[in-house]
Structures are given as C-alpha cells and as structure tokens.
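Working through the structure, step by step
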Amino acid sequence: MGKKEDKTNVMRVLDQKKIAYTHFSYDNMTTNALAVAEGIGTEPEHLYKTLVTTGKSGEHYVFMVPAVCELDLKKAAKAVGEKSVEMLPQKELLPLTGYIHGGCSPIGMKKFFKTTIHSNAKDAEKITFSAGKIGRQVQCSPTALEKVIPLGYADIVK
C-alpha cells in the first residue's frame, strides 16, 4: 500500500471492515474503460462502472455494470421495483453522492442507496471498480463487497 495520504475514502472503509483488496492507479486522463482495464491489467468485463439513477418515485438507486456494457434502464427499473429510472444528471452527482463523474464508487457515498450489480458479477472471483477518485480503482471479490454494502444481483445490461 502507499502512504496514508494516498488512500481514498473507499480504501479506508475497506480497511476499517478488514476487507482484502488490491488497488490500482492509472493515468487519470484515461476515461475509456478498455484503456483503463488494459492499464491496470484486468479483464474489461470485470471492470465495473457505478451509475446513479433516479426512479419515478424520486428515490435514487446505484447500479454497477461491466464498463464495456450499457445499463438497460427498463431492466434496472424492474430490478428495483420502479416504473422507470433515468440517469441522474451529472451536475447532481457530486452534491448527492460526494463523488464526481468518472470517480463514483458504490462505497462511501454521502448516503446509502439501494445498489444492484449486474448478475455476471456473482460468478466473478474479483471485480474492479472506482476507488472514489479518477485514476484510482480497487479490486475485491463480490462477496467481500457485500460485507460493506448490501448488494442485489440482476440482469441489468442491454
């Protein structure tokens, strides 16, 4: 691990919960998922992006999908019992979650939101996702992630 200042809030939460993880740094100018996966040496289908949505009810939901896939809004709505969900406008992300676009993690948001991960993660040995800052990723098993945040699994990609 790096110096204490190098740790993100996500890493501090994982440490607190005694969850084993690996962290990666990459060029924070890289925003393409394939380039990030290649840069940190992980399979693109095991690199997950964290997306925040708003349901018709006004509730917010978090979805984690492989970075090479697209969230299916209809499937996502069904997974959380909503009539419909739409992506949260980018300008609302920081005030709601404490994270900026490109550095959003399911761990350590200002408030807990129901989180659903694409069903293929259930069989993955490890998944990689944002460590809460652009240019930083963490990798752990889905079962370890479940010890930090309650996760639902569903087919939520197009």
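Refer to the structure above for everything that follows.
In this text, all values refer to a predicted model and were calculated from it rather than measured experimentally.

Right, let's get into the side chain of D72. Tracing the backbone shows D72 in the loop between β3 (60-66) and α3 (73-80). Despite its burial, D72 pairs with no opposite charge; the closest candidate is K75, at 4.5 Å N-O. At 3.0 Å, the side chain of D72 and the backbone nitrogen of K74 are in polar contact.

Glancing now at the sheet that holds strand β7 (residues 136-140). Read across the sheet, 3 strands follow the order β1-β7-β6 without closing on themselves; strand pairing throughout is antiparallel. Edge positions in the sheet fall to β1 (22-25) and β6 (127-130), since each has one partner strand and no second. This sheet shows a mean twist of 25 degrees between the axes of neighbouring strands, independent of strand direction. Where β1 meets β7, 4 bridges bridge the pair, whose relative direction is antiparallel. Across the sheet, H23 pairs through a bridge with V138, a residue of β7. Sheet contacts for helix α1 (residues 9-16): β1, β6 and β7; angle to β7, the most-contacted strand, approximately 25 degrees.

Reading across the sheet, the 5 strands line up as β4-β2-β3-β5-β8 and stay open at both edges, with mixed pairing between neighbours. Unpaired on one side and paired on the other, β4 (85-87) and β8 (151-154) mark the two borders of the sheet. Averaged over neighbouring strand pairs, the angle between their axes works out to 35 degrees when direction is ignored. As paired strands, strand β2 (residues 48-55) and β3 are joined by 7 bridges and run antiparallel to one another. Of the residues in β3, the one forming a bridge with Y48 is P66. Running at roughly 125 degrees to β4, α3 makes contact with β3, β4, β5 (114-118) and β8 of the sheet.

Let us look at the environment of L88. In this fold, L88 is placed in the loop between β4 and α4 (90-97). Residue classification places L88 among the buried residues on the basis of a relative accessible area of 9%. Spatially, the C-alpha atoms of L88 and K126 are 27 Å apart, while their sequence positions differ by 38 residues. Apart from the residues lying within four places of it in its own chain, the contact partners of L88 are V52, T53, T54, H60, L93 and L96.

Reading the values: rules and limits
Residues numbered from 1 in each chain as written. Predicted model: local features only at pLDDT ≥ 70, side-chain atom pairs only at ≥ 80, totals over all residues. Heavy atoms only, no water. Helix = DSSP H or I, 4+ residues; strand = E, 2+ residues; numbered from the N terminus. Buried < 20%, exposed > 50% of the residue type's maximum accessible area, 1.4 Å probe, protein only. Lys, Arg positive; Asp, Glu negative; His and termini not counted. Salt bridge = Lys/Arg side-chain N within 4 Å of Asp/Glu carboxyl O. Polar contact = N/O pair within 3.5 Å; in protein donor to acceptor, adjacent residues only side chain to side chain. Pairing = 2+ DSSP bridges. Axes fitted to C-alpha atoms, helices over the stretch in contact; angles between N-to-C directions. Contact = heavy atoms within 4.5 Å.

Take it as geometry only, folks, not as evidence of what the structure does.
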